[in-house]
Number of protein chains: 4
Amino acid sequence: MKAVRLHAYDERPVVEDVPDPRISGPFDVIVEIGGSGLCRTDLHIVEGQWAEKTGVSLPYTLGHENAGWVREVGPAVTNVAPGDTVILHPLVSCGLCRSCRAGDDMHCGNSRFPGIDSDGGMAEYLVTGARSVVKLDPSLQPVDVAALADAGLTAYHAAKKAIPLLYPGTFCAVVGSGGLGHIGIQCLAALTAAEIIVVDRSTAALELAKQLGAHHTVAATADPVPEVLQLTDGQGAHVVLDFVGEKGTEAQGVRMLRRAGSYFVVGYGGAVNIPTIDIISTEINVVGNLVGTYNDLDELMTLAAQGKVRLHTRTYPLDAAGSAMEDLDGGRLQGRGILVPAGR
Amino acid sequence: MKAVRLHAYDERPVVEDVPDPRISGPFDVIVEIGGSGLCRTDLHIVEGQWAEKTGVSLPYTLGHENAGWVREVGPAVTNVAPGDTVILHPLVSCGLCRSCRAGDDMHCGNSRFPGIDSDGGMAEYLVTGARSVVKLDPSLQPVDVAALADAGLTAYHAAKKAIPLLYPGTFCAVVGSGGLGHIGIQCLAALTAAEIIVVDRSTAALELAKQLGAHHTVAATADPVPEVLQLTDGQGAHVVLDFVGEKGTEAQGVRMLRRAGSYFVVGYGGAVNIPTIDIISTEINVVGNLVGTYNDLDELMTLAAQGKVRLHTRTYPLDAAGSAMEDLDGGRLQGRGILVPAGR
Amino acid sequence: MKAVRLHAYDERPVVEDVPDPRISGPFDVIVEIGGSGLCRTDLHIVEGQWAEKTGVSLPYTLGHENAGWVREVGPAVTNVAPGDTVILHPLVSCGLCRSCRAGDDMHCGNSRFPGIDSDGGMAEYLVTGARSVVKLDPSLQPVDVAALADAGLTAYHAAKKAIPLLYPGTFCAVVGSGGLGHIGIQCLAALTAAEIIVVDRSTAALELAKQLGAHHTVAATADPVPEVLQLTDGQGAHVVLDFVGEKGTEAQGVRMLRRAGSYFVVGYGGAVNIPTIDIISTEINVVGNLVGTYNDLDELMTLAAQGKVRLHTRTYPLDAAGSAMEDLDGGRLQGRGILVPAGR
Amino acid sequence: MKAVRLHAYDERPVVEDVPDPRISGPFDVIVEIGGSGLCRTDLHIVEGQWAEKTGVSLPYTLGHENAGWVREVGPAVTNVAPGDTVILHPLVSCGLCRSCRAGDDMHCGNSRFPGIDSDGGMAEYLVTGARSVVKLDPSLQPVDVAALADAGLTAYHAAKKAIPLLYPGTFCAVVGSGGLGHIGIQCLAALTAAEIIVVDRSTAALELAKQLGAHHTVAATADPVPEVLQLTDGQGAHVVLDFVGEKGTEAQGVRMLRRAGSYFVVGYGGAVNIPTIDIISTEINVVGNLVGTYNDLDELMTLAAQGKVRLHTRTYPLDAAGSAMEDLDGGRLQGRGILVPAGR
């Protein structure tokens, strides 16, 4: 089969022929890829930023946001059958540790992460596990939802954790309306009656945010905090979802909070730095957010099938992986890039 | 009446005669003080550290941890009567804002704080509000519980928020076993089956911690993190309660956490500084903690009456306020100092 | 002033002149009534069904769902001023008991209930307490929201308690789409992504339900349970909100549940009767629901101001209270009847 | 191997030789039984009460509360190895359905239940699944904890669900201090500071309850409700855990509740029958309770290893299964009967 393979760091991945994956364990599932999302993390992988953390051996296949059709299953698989349309939870988890037994797949102590530390989905086929496949509603196509597998799932997970804090009359500030943020806005609009204030540097992103449910938008050209405070009766937001997490949003996000508010970190790159007296005197919280659970992904697929969450995408054939990466790196990619192997 | 009054910053407060307080509002309550806790914050007030924040006019009476007997009540007071033994919630809250209506007295937007921004309880009498008085069980004496009003309440509040995270088999690291920490340990032992690991520089404090329910103690002479990791299967604690919050415990406390763990900030003076990638990749939380609610104080008094929480105290007559402060400042005060006006 | 007064049970209330109410306590608030909802409970009061429970002395003024404008306030009132537009929480609570201090106004141990056990709002003026008044957004008129004060608040409270159970992909069955039910449907649609299945005997009620957000409607002419099971993959609903609670819906509602489901009782008149083996083998819950909290009412007003919750009403002048009651009793009243004293 | 087999309903099971179980699936685990609890349900099975519900084919092996040592594992098992000491969660669950993915093993849609619907643990060996085995602390012996696998797990699960309701100052009434109840009392004492009131007909049971942590005991010879009300300031208990659920405790348990209280059904045989007006006017809840989750069992084993939960047991050799059953049926069995195959 064809696959997008990384042979050396700081070199462009190549599209080449590799053997088809084969079932080796009782719970293995082989999926014919219908769409594989391209993500800024893929650029970072190529740059070698993840080399040490994952210890992955080169060459290997990229692609960690995948959806497609089940082609073959191991002998113990009972939840899907060949032909089923599926989206893939990014982790292949063990199902036996305390975290898995509590539903917190993302904290599994024995997981692997296709596309990050083993062969991923920028290929015609991918091997994953029975615990990672979520069956799709007939109305959903792999190419349309693939990027919800990781970016969307992370945004949904953060928004869902914030729901109990966002009763009617509250304010939620969303910092960054890009790949994750524009999903987060849709999730908030679907699941709460909070007033959504979106902060971004890009006018186009703010325009899109409004169409997706933002009640207020704030241009982040200058310091956006005063405007957020003004929009929130001078008190600040009850929840700040920071999808950027670097270049100053970490400090701004905290300053946007009201007493007893919660700052949700989703994006990364910078650092949170807060005097402890400020943390205790206002009793604020800093909440970390990773990718969501299997059930979170199932719920997000329900929202997608209901038309409440839509991705903005641009498709490329698998052979064009290189140009897709250049478009992403060069800022020429509007919406999410999706690689589509030849096929259906 | 006699009162401990601050006339100028950086000068020792004096004990002098002032007029008795009088009922002026329908919900006022005048309390004859049976015990008023002395706290490091009192030293900071004298040093002028709070001058700008509170804007209090000098001279005024110190003392923000108070218990005693109701002497007189305003015409609309129905919950206590003269003669009742009471402990005082530190805030006099409005009862009408959203926070008060949700039970979160400490986030009241219109509160005053006797001893901090108005006359406090290092005096024979104090005027507070009906919303601040908690009736005491007959087994409890004001002098024995006064310091639970603020220090103890803060420790209880933090421990209570941690309960849902501390199921059997979890580890809770307590950093600092002093005035607040030794109450926190007792609350954890009363309300959870978690294994309690106490970290402190003082051998005496660690000894006391063991008697109060700590399962493990770690001397903080060198970096205590490796020993905490060793005691927690190499994974770290599920919850860290940091009663110090300065001089390096902020960084150590975060390093003591396991994946999905929560670092509770109670003490202050330093700063939390964490790269956002570390916050999201392990999905940890930083949780601010202020003083507790009125109902929290009522619950803490139940634990005190059950004998599950005991304060270690040393009493001084009101006239000896100066020596008490010198003892505290000079590190010669074991346990909590309590000023006791002449009387019962 | 004019007021609708009940002089004897089983006799029609009369509209007569009574003295204007006067401020007697520091927290009293006198409200000029802009709308007072008429409710089936008023008919039951006239029939004497509540006589023993409330022990109210006749004659007295009816009307327990009230909104209007503040006319005069007691000396200790700080949260509203004459001229403010307000809706009234149905209870005048004490603010000092454990329930009030936890925000659960409806469990106050020392409350009174205007219109039920003391003079109500079918009059030009009503005296209530500072703790009961919620300021209205300028876009809202008393006549439009008055019936949200009790009926709407109860429906909101139940829906809000169900939110954590209603993640995307769940089913919520609403039994009864009348005065409370049609508010409940709007709250569910505003606050969850659950699929809403409405069960009612009336075709008109089901039509309205669809317009308000119901995804499926089931005519309750025959046993509706099979159709609900069919709409829920044969498993039943995750939550059933029963706004009827009599005439068989109690048994049907429980049969509509899936494993681990929750049956919310809101309406009353019948009885819940379930073998304990059925309760434990499926681990279901029966959840009681009373009127909501003060903060609940504030949140519901936010939904009303956002246009997400609208009442269907018909207004009558105060003088026409008798005909309004006859219309309600005779089934000729579509939507909620609102009495409007002459005025603005 | 030897096994206790049921050949016909209403006939005594026989101890006979059957083939040893064999590994057939990748996740199978064969356990050498160290202790198998005898339970009233076993008597009901023999009487045929479960015949229709389970559809099990006779003959088969009884025993649904099991602990022992791993003897052999299937090729995909990674969490235990031969020689490990283990207790068995009663269900063999699928790990793939929504309930399993949320940690709610007991609501698995595809489970089997050894000893109930397939061969159980009153034998030398039992075959279960990798998802059912919990490794034991070296301090725990299978024979001592076997009966915690089902009876104890159910009691722990109910107590754990009640914790958030049982803050200091609350009352928990425990109805029935038998096999499940005496575990429930220990769990409450370990995990809350609530005052525990135990109601039972047996003086011996009440004596034991006191030793295990009950603060008050009430003899249920006459109607126990007035005494419970008296012990709870006339208001009733915040939580009632009913481990009987028949013969009148269903009605008494509800009458023991205070406003906003919760009645937990654990035992069964009777029926809950409450007018809907009583449910809504006091806003009470009825909470069903089934056996606990896998993680619950792991937590309960922690409490056992900490010495906070102890079972009262009497052991029998496997050959004496018949006499053990007669002792249980005849009321001659104090504590829990445990069958112990010859061995270690």
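Reading guide: rules and limits
Residues numbered from 1 in each chain as written. Chains lettered and ligands numbered in written order. Predicted model: local features only at pLDDT ≥ 70, side-chain atom pairs only at ≥ 80, totals over all residues. Heavy atoms only, no water. Helix = DSSP H or I, 4+ residues; strand = E, 2+ residues; numbered from the N terminus. Rg over C-alpha atoms; globule rule 2.2 N^0.38 Å. Buried < 20%, exposed > 50% of the residue type's maximum accessible area, 1.4 Å probe, protein only. Contact = heavy atoms within 4.5 Å. Areas by Shrake-Rupley, 256 points an atom, 1.4 Å probe, with all protein chains shown as cover. Lys, Arg positive; Asp, Glu negative; His and termini not counted. Charge placed at Lys NZ, Arg CZ, Asp CG, Glu CD. Buried area = accessible area lost by both parts, 1.4 Å probe. Polar contact = N/O pair within 3.5 Å; in protein donor to acceptor, adjacent residues only side chain to side chain. Nonpolar A, V, L, I, M, F, W, Y, C, P; charged D, E, K, R; others polar. Pairing = 2+ DSSP bridges. Axes fitted to C-alpha atoms, helices over the stretch in contact; angles between N-to-C directions. Least-squares fit on C-alpha atoms with pLDDT ≥ 70 in both. Parallel < 35°, antiparallel > 145°, perpendicular 65-115°, else oblique. Left-handed = near helix turned anticlockwise from the far one by under 90°. Salt bridge = Lys/Arg side-chain N within 4 Å of Asp/Glu carboxyl O. pLDDT = per-residue confidence, 0-100.

### A look at the overall build of chain A
Next, step 1: Counting its secondary structure elements, chain A contains twelve helices and 17 strands.
Next, step 2: Its C-alpha atoms give chain A a radius of gyration of 20 Å, near enough to 20 Å, the size a compact globule of 344 residues would have.
Next, step 3: Counting only C-alpha atoms and orienting by the principal axes, one finds that chain A spans roughly 60 × 40 × 40 Å.
Next, step 4: In chain A, buried positions account for 59% of the 344 residues.
Next, step 5: The long-range share in chain A, meaning contacts at least 24 apart out of those at least 6 apart in sequence, stands at 68%.
Next, step 6: Roughly 12,500 Å² of accessible area belongs to chain A as shown, and the carbon and sulfur atoms make up 49% of that amount.
Next, step 7: Distance between charge centroids for chain A: 3 Å, based on 26 positive and 39 negative side chains.

### Topic: the interface of chain A and chain B
Next, step 1: Counting residues at the interface gives 36 residues for chain A, matched by 36 residues for chain B.
Next, step 2: Taken together, both faces of the contact between chain A and chain B bury some 2,900 Å²; the carbon and sulfur share is 54%.
Next, step 3: The largest share of the area that chain A buries against chain B comes from A:Thr276, A:Ile280 and A:Glu283, three residues that together contribute 23% of it.
Next, step 4: In this structure, the connection of chain A to chain B is made through 25 residue pairs in polar contact (both at pLDDT 80 or more).
Next, step 5: For the side of chain A that touches chain B, the elements supplying multiple residues, two or more each, are α5 (151–162), β13 (257–265), β14 (271–275), α10 (276–282) and β15 (285–288) of chain A.
Next, step 6: Counting residues per element, the side of chain A that touches chain B draws most heavily on α10(A), which supplies six residues.
Next, step 7: Looking at the side of chain A that touches chain B residue by residue, the class counts come to 17 nonpolar, 13 polar and six charged.
Next, step 8: Direction of pairing for β14(A) relative to strand β14 (residues 271–275) of chain B: antiparallel, over a ladder of five bridges. Bridge pairing links A:Ala271 to B:Pro275 in β14(B).

### Here's the deal with the sheet that holds strand β15 (residues 285–288) of chain C
Next, step 1: If you trace the twelve strands from one edge of the open sheet to the other, you get β11(C)-β10(C)-β9(C)-β12(C)-β13(C)-β15(C)-β15(D)-β13(D)-β12(D)-β9(D)-β10(D)-β11(D), paired in mixed fashion. Across the chains shown, the open sheet's two edge strands, defined by having one partner strand only, are β11 (216–219) of chain C together with β11 (216–219) of chain D. The mean inter-strand angle of the sheet, taken between neighbouring strand axes irrespective of direction, is 20°.
Next, step 2: Here strand β9 (residues 171–175) of chain D pairs with strand β12 (residues 237–242) of chain D via four bridges, running parallel. If you follow D:Ala173 over to β12(D), its bridge partner there is D:Val240.
Next, step 3: Its contacts with the sheet place helix α7 (residues 203–212) of chain C against β10 (195–200) and β11 of chain C, and it is angled at close to 165° to β10(C).
Next, step 4: Each of β9, β10 (195–200) and β12 of chain D touches helix α6 (residues 181–191) of chain D; the most contacted strand, β10(D), lies at about 175° to it.

### So, the sheet that holds strand β4 (residues 60–61) of chain C
Next, step 1: Within the open sheet, the three strands sit side by side as β2-β1-β4 (chain C). Their pairing is antiparallel. Sheet topology places β2 (14–17) and β4 of chain C at the edges, where each strand pairs with a single neighbour.

### Comments concerning the relation of the copies chain A and chain B
The second copy of the chain is related to the first by a rotation about an axis and a shift along the axis.
Next, step 1: Relative to chain B, chain A is turned by 180° and slid 0.0 Å along the rotation axis, the superposed coordinates differing by an RMSD of 0.0 Å. The superposition operator between the copies reduces to a two-fold rotation axis. Among all residues of chain A, the one whose C-alpha sits closest to the rotation axis is A:Asn273, at a distance of 2.1 Å.
Next, step 2: Both copies contact each other with a shared surface, as 100% of the interface residues of chain A are interface residues in chain B too.

### Some details on the packing of helix α5 (residues 151–162) of chain B against helix α6 (residues 181–191) of chain B
Residues and elements named next belong to chain B.
Next, step 1: Closest axis-to-axis distance for the α5/α6 pair is 8 Å, and the angle between their directions is 40°. In terms of orientation, α5 lies oblique with respect to α6. You can see that α5 and α6 cross each other, and the crossing is right-handed. Between α5 and α6, the contacting residues are Gly152, Ala155, Tyr156 and Ala159 on the first element and Ile183, Gly184, Cys187, Leu188 and Leu191 on the second.
Next, step 2: A class-by-class count of the residues in the contact of α5 with α6 yields seven nonpolar, two polar and no charged.

### Describing the interface of chain B and chain D
Next, step 1: Between chain B and chain D, the residue contacts involve 15 residues of the former and 15 residues of the latter.
Next, step 2: Of the roughly 1,100 Å² buried at the junction of chain B and chain D (both faces included), carbon and sulfur atoms supply 59%.
Next, step 3: Remark: the boundary between chain B and chain D carries zero salt bridges.
Next, step 4: Inspection of the chain B/chain D interface yields two residue pairs in polar contact (both at pLDDT 80 or more).
Next, step 5: Looking at the side of chain B that touches chain D, the elements with two or more residues in it are α6 and α11 (294–305) of chain B.
Next, step 6: Here the side of chain B that touches chain D gets three residues from one element, more than from any other, and that element is α11(B).

### Some thoughts on unusual backbone geometry
Among all residues save glycine, negative phi is the norm, and among peptide bonds the norm is trans.
Next, step 1: A:Leu58 connects to A:Pro59 through a cis peptide bond whose omega is -5°.
Next, step 2: With respect to the helices and strands, A:Pro59 occurs in the loop between α2 (51–54) and β4 (60–61).
Next, step 3: Even without glycine at this site, C:Lys247 takes up a positive phi of about 60°.
Next, step 4: With respect to the helices and strands, the residue C:Lys247 is situated in the loop between β12 (237–242) and α9 (249–255).
Next, step 5: Exposure remark for C:Lys247: the relative accessible area of 65% places this residue in the exposed category.

### Here's the deal with the confidence of the model for chain A
Detail in the predicted coordinates should be disregarded across regions flagged by low pLDDT.
Next, step 1: Summary statistics for chain A give a mean pLDDT of 96 and a share of 99% for residues scoring 70 or more.
Next, step 2: Here the predicted complex carries an ipTM of 0.95, next to a pTM of 0.96.

### Comments concerning the relation of the copies chain B and chain D
Next, step 1: Superposition of chain B onto chain D requires a rotation of 180° combined with a translation of 0.0 Å along the rotation axis, giving an RMSD of 0.1 Å.
Next, step 2: Both copies share a contact surface, since 100% of the interface residues of chain B are interface residues in chain D too.

### Remarks on the pairing of strand β7 (residues 125–129) of chain C
Sheet faces and side chains relate simply in a regular strand, where the side chains alternate between the two faces.
All names here are of chain C.
Next, step 1: For β7, the buried fraction is high: four of the five residues fall into the buried class.
Next, step 2: Inspection of the sheet shows strand β3 (residues 28–38) paired to β7 by five bridges, in the antiparallel sense. Note that in β7 the partner of Glu32 across the bridge is Tyr125.

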